[in-house]
Amino acid sequence: MSNTSLAQAPIAEKVILVGNPNVGKSVVFGRLTGRYVNVSNYPGTTVEITRGEIRDRGRVIEIIDTPGVYSLHPMSEDERVTRDILMNEPGAKILQVCDAKNLRRSLMITAQLSEMRVPMAVVVNMVDEARERGVMPRIDSLGEDVGVPVLGIVAVRGKGTDRLTGLIAGASVSRVRIDYGEIIEAAISEMEPLIPEDAPIGRRALSLMLLSGDDSLAAWLRASVTEDRVRAMNEIRNRLVARVGDDVGYIVNQRRAQWTDRLVERLGIEPSERPAHGYAQRLGQWAMDPVYGIPVLLGVLLVAYGFVGAFGAGTLVDLLQNRLFGELVIPAVTRLADAVIPWEILRSFLVGPYGVISMALSYAVAIVLPIVGTFFFFFGILEDSGYLPRLAVMVDRLFKRIGCNGKAVLPLVLGLGCDTMATLTARILESRKERLIVTLLLALGIPCSAQLGVILGMLGGVGLHAALIWTAIVVGVIILVGWLAAKVIPGHSSDFIMEIPPIRMPQLGNLAVKTMARIEWYLREAVPLFVVGTVILFVADRTGALAFIERVSQPLIVRLLDLPPSTAGVFLIGFLRRDYGAAGLYRMAQAGLLDHVQVLVSLVTMTLFIPCLANFLVIIKEHGMKIAVGMAVFIFPFAILVGAALNYAIRHLGIVL
């Protein structure tokens, strides 16, 4: 098996992974292709299509991972993406991934795939957890019932995954055919002949989608069906609606649910001992409780502060910055540069105040890397344990006040890893209003992992009361702006529906792979921007532009925020990456250029600062240039205003930090 090495070989076959959210599709994808994709113990991790390749008996097979869906009659962006790729990849085989603990729900997708007349196979994942709970269905006869090959596996531990390739090779078209009643069946019979014979999926499935009022097929209809036939299709649907009402889709789903219920009942449950309720289940219940959940959350934050703020930002940064770079790397490179490079400008470019080695690599490797490394590892534990969906339940009532529901906490928490990726994850929210609010809050007040680590490290040097003030201001701003945004942004909020996964012990191997993959991503994306930012500062310093910016920004930086003029350069590179700007503040604080009040004011301002370049580009991609510019125009003066108000309040109220 391989992936990129096969990129030039012709693709003989395509396999699309389909299934409900959080059933392990991405783990199966990783087992098949050897490629790592983000895997977590909560729904909505996969928001974009991922492709990889395998070689089977000399043939190259492309594997396509799709977002989790509850239905192939699209009600959300994720469902539309998955349905469309089934339409756009005719001839591809389908590997449906099911959750053994909730087979009934997965079989609703099986029914829809069967109607599409696509070759498919079914893999029932997490059979170990189902057996531990005493809910494992008998799947021995499932393959015979649906007419396609079926396999039970434990993907995360690799049990049974060595048989996946053979399972795919035996994929076949299901013989399941659900009876929707005389009236709807008659409408299907009228609709099917109007659909082109070369339709990418079964005409019965397309007929059911059109009769159910699936407007997302409008583009395909315009491109593939004549206007006369489209009018005839509309007349058939109108006649059907006149006889059974608008809820054709509901009736169709009811019939599918009845078929699923009968099948699950016929399969039965494997015999097992009565499942015991252990500490994990009790901890999971406490984490969702509005009262007991608070001490659980405080405990999580305390551990995060100790591991990331004290160990990562303290011990490891001291080891790398002061010992490695401060005592060994920088002095050695400086001596070498002085000995072999006769030009002062080139020496300064490497090891000067704005040098590529002394600043860019020092910031990226010695300051930020140990912080993001510890944060990524801790965040992986939260993801894999199943704590985050429980946090969403606990904060649901609070989030309703800002126009969202508890599910919105997932992209916001993911923003602590990377705001750019979290902005994409906001697609798991059903309404546009919720996605806009969450995108705004991510851009405004959610610090990324590296920035947060630097912030924790700097606040640790000031004191606990400074950390509490910073937390109160940032949380207060998020709630206030979210509440105001909910009043201003038109649209509706969706109901809170989320499957709660079991509490699981994170696998050390998965944590290590996940952490290394994220560190690789950080090094690949962040370090080049650190170098670019340093070159910009070097050129600006040499040409006098930096001094000009400092003079121009003096009314804001010096008078309003009461910060040193050189802070302007830090905020400037903060637009490239916020963590780069935060690292600049860290260096200034270490050099004694910032007192305690200035540390707090600068951190609040940097936290609320405009989104970094990558996040800004993703906002454009998701919501358009007008929305992205509008958010930046609001956030920049707002951040300065909050920082100035904090500075004024501390100094005039005589608060001692």
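Predicted, not measured: the structure shown is a model, and the values here were computed from it.

1. So, the packing of helix α27 (residues 578-590) against helix α28 (residues 596-607)
Then comes step 1: Remark: α27 packs on α28, axes separated minimally by 10 Å, with the N-to-C direction vectors making an angle of 175°. When the axes of α27 and α28 are compared, the pair comes out roughly antiparallel. In this structure, α27 contributes R578, G581, A582, L585 and A589 to the contact, and α28 contributes V599, S602, L603, M606 and T607.
Then comes step 2: Of the residues in the contact of α27 with α28, the class split is six nonpolar, three polar and one charged.

2. Side note on the side chain of S362
Then comes step 1: One can find S362 in helix α15 (residues 356-385).
Then comes step 2: Judged by relative accessible area, S362 falls into the buried class, the value being 3%.

3. Points about helix α10 (residues 227-244)
Then comes step 1: Compared with an ideal rise of 1.5 Å per residue, which puts 18 residues at 26 Å, α10 spans 26 Å between its outermost C-alpha atoms and is within 8% of the ideal.
Then comes step 2: Taken as a whole, α10 has its buried residues at M233, I236, L240 and V241. Down the axis of α10, the buried set is contained in an arc of 135°. They therefore lie on one face. In α10, the exposed positions that point more than 90 degrees away from the buried face belong to E227, D228, N238 and A242.
Then comes step 3: Looking at the buried side of α10, the elements it contacts are α7 (182-191), α8 (203-211), α9 (218-224) and α11 (248-267).
Then comes step 4: Looking one or two places after α10, you find G245, whose phi comes out positive at around 95°.

4. Observations concerning the packing of aromatic side chains
Then comes step 1: What the rule picks out here adds up to seven aromatic pairs.
Then comes step 2: Taking the centre distance of 5.6 Å and the plane angle of 15° together, the rings of F375 and F379 count as stacked. Taken together, the residues span about one helical turn, with F375 and F379 both in helix α15 at a distance of four residues. You'll find F375 and F379 in the same group, each marked buried.
Then comes step 3: Ring centres of F609 and F636 lie 5.8 Å apart, and the angle between their planes is 65°; this geometry places the pair in the edge-to-face category. Here F609, found in the loop between α28 and α29 (613-623), pairs with F636, found in helix α30 (residues 625-653); they are 27 residues apart in sequence, far enough to count as distant.
Then comes step 4: What makes F609 buried here is its relative accessible area of 4%.
Then comes step 5: Grouping aromatic residues by their ring pairs yields a cluster made of F307, F311 and F377.

5. A look at the nonpolar core
Then comes step 1: Counting 114 residues, the largest nonpolar core has W470, Y522 and F530 as its most contacted members.
Then comes step 2: If one sorts the elements of this core by residue count, α15 sits on top with 13 residues.
Then comes step 3: Residues contacting F530, with those up to four places away along its chain left out, are A360, Y363, A364, V368, Y522, R577, D579 and Y580.
Then comes step 4: Core analysis: the second largest hydrophobic core is formed by 61 residues, I85, L103, A111 and M120 among them.

6. Examining the packing of helix α22 (residues 464-488) against α28
Then comes step 1: Packing of α22 against α28 brings their axes to within 11 Å, and their N-to-C directions diverge by 30°. Taken as axis vectors, α22 and α28 run roughly parallel relative to one another. Crossing geometry of α22 relative to α28 is assigned as right-handed. Mapping the contact onto sequence places A466, I469, W470, I473 and V474 in α22 and L600, L603, V604 and T607 in α28.
Then comes step 2: Looking at the contact of α22 with α28, its residues break down into eight nonpolar, one polar and no charged.

Reading the values: rules and limits
Residues numbered from 1 in each chain as written. Predicted model: local features only at pLDDT ≥ 70, side-chain atom pairs only at ≥ 80, totals over all residues. Heavy atoms only, no water. Axes fitted to C-alpha atoms, helices over the stretch in contact; angles between N-to-C directions. Helix = DSSP H or I, 4+ residues; strand = E, 2+ residues; numbered from the N terminus. Parallel < 35°, antiparallel > 145°, perpendicular 65-115°, else oblique. Contact = heavy atoms within 4.5 Å. Nonpolar A, V, L, I, M, F, W, Y, C, P; charged D, E, K, R; others polar. Buried < 20%, exposed > 50% of the residue type's maximum accessible area, 1.4 Å probe, protein only. Expected span 1.5 Å × (residues − 1). Arc of directions from axis to C-beta. Phe/Tyr/Trp six-rings, centres within 6.5 Å; stacked < 30°, edge-to-face > 60°. Core = buried A, V, L, I, M, F, W, Y, C linked by side-chain atoms within 4.5 Å. Left-handed = near helix turned anticlockwise from the far one by under 90°.

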